[in-house]
Amino acid sequence: MRILLVEDEPKVASFIKKGLEEQSYEVDQAYDGNFGLKMALQNEYDLIILDIILPHMNGLEVCQAVRKKKPQVPILMLTALGSTDDKITGLDAGADDYLTKPFEFKELLARLRALARRSGEGGGSEKLSIGDLEMDLGSKTVTRGGKPINLTAREFALLHYLLRNRGRVVSRVDITENVWETSFDTGSNVIDVYINFLRKKIDKGFPGKLIHTLVGMGYVLKEDEA
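Residues numbered from 1 in each chain as written. Predicted model: local features only at pLDDT ≥ 70, side-chain atom pairs only at ≥ 80, totals over all residues. Heavy atoms only, no water.

### Points about the overall build of the protein
- Of regular secondary structure, the protein possesses eight helices and 11 strands.
- Relative to the globule expectation of 17 Å for 226 residues, the C-alpha radius of gyration of the protein, 18 Å, shows essentially globular dimensions.
- Its C-alpha atoms give the protein principal-axis dimensions of about 60 × 35 × 30 Å.
- Look at the contacts in the protein between residues 6 or more apart in sequence, and 57% of them connect residues 24 or more apart.
- Here the protein displays about 10900 Å² of accessible surface, and carbon together with sulfur accounts for 49% of that area.
- A gap of 3 Å separates the mean positions of the 31 positive and 34 negative side-chain charges of the protein. (Helix = DSSP H or I, 4+ residues; strand = E, 2+ residues; numbered from the N terminus. Rg over C-alpha atoms; globule rule 2.2 N^0.38 Å. Contact = heavy atoms within 4.5 Å. Areas by Shrake-Rupley, 256 points an atom, 1.4 Å probe, with all protein chains shown as cover. Lys, Arg positive; Asp, Glu negative; His and termini not counted. Charge placed at Lys NZ, Arg CZ, Asp CG, Glu CD.)

If you want it as structure tokens, here you go:
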């Protein structure tokens, strides 16, 4: 797996790069936002690790710019800003996951493995659909009513899980364990944030809503009943 690491703190960058290379990952490195963006757009990466606080161009700006050109590449954001609002800002910018500094390296590896699995799932020409929404797992594309919908890797993974379980109520715990393959503290609203991201993309402006909330139970992907 080829990874781009954009981190301006030399000790942190060296720690991450060395650890990943010991795990047989190929790591390219950038120390500022401008160069990181240039590398991200000029090369093909399986995953990008992106710090938020960077010289010249911050990580949020880099993330947004990458998303416009490469919506499917998984992005893990590193941040010393640990509040829920800070995390939501990163997710809004297009990040698929976040990790708050300081962190244990084994947690970083677990996050990377989860993102890689979700990004690489579903080869071949398998398609999933509900109503006029269709997901092509081979080409990693989503359309509704024939209109292309651009999703981040995490949004794609979440929709994939909902489609696999269409018609069945899935709880926030189900989603956390199967899409993030980790756990959040009970006060986190990350799942709700991503559900809202999906709603804006696959429901807003289309007739008939597909994502439904069952208060106190979870979410279900189904067509509106006539």
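Right, picking up where we left off after that structure.
### Some remarks on the packing of helix α6 (residues 153-164) against helix α8 (residues 190-202)
- Close contact between α6 and α8 brings their axes to 10 Å; oriented N to C, the two are set at 85°. Taken together, the axis directions place α6 and α8 in an arrangement best described as roughly perpendicular. Across the interface between the two elements, Arg 154, Glu 155, Leu 158, Leu 159 and Leu 162 of α6 pack against Tyr 194, Ile 195, Phe 197, Leu 198, Lys 201 and Ile 202 of α8.
- Residue composition of the contact of α6 with α8, grouped by class: eight nonpolar, no polar and three charged. (Axes fitted to C-alpha atoms, helices over the stretch in contact; angles between N-to-C directions. Parallel < 35°, antiparallel > 145°, perpendicular 65-115°, else oblique. Nonpolar A, V, L, I, M, F, W, Y, C, P; charged D, E, K, R; others polar.)

### Points about the UniProt feature "modified residue: 4-aspartylphosphate" (unreviewed entry) in the protein
- In the numbering used here, UniProt assigns the "modified residue: 4-aspartylphosphate" (unreviewed entry) feature to Asp 51.
- Within the secondary structure, Asp 51 is located in strand β3 (residues 47-51).
- By relative accessible area, which is 4% here, Asp 51 ends up buried. (UniProt positions renumbered as here; feature names shortened; annotations may be inferred. Buried < 20%, exposed > 50% of the residue type's maximum accessible area, 1.4 Å probe, protein only.)

### Re the side chain of Arg 144
- The topology assignment puts Arg 144 in strand β8 (residues 141-144).
- A distance of 3.0 Å separates a polar side-chain atom of Arg 144 from the backbone oxygen of Pro 207. (Polar contact = N/O pair within 3.5 Å; in protein donor to acceptor, adjacent residues only side chain to side chain.)

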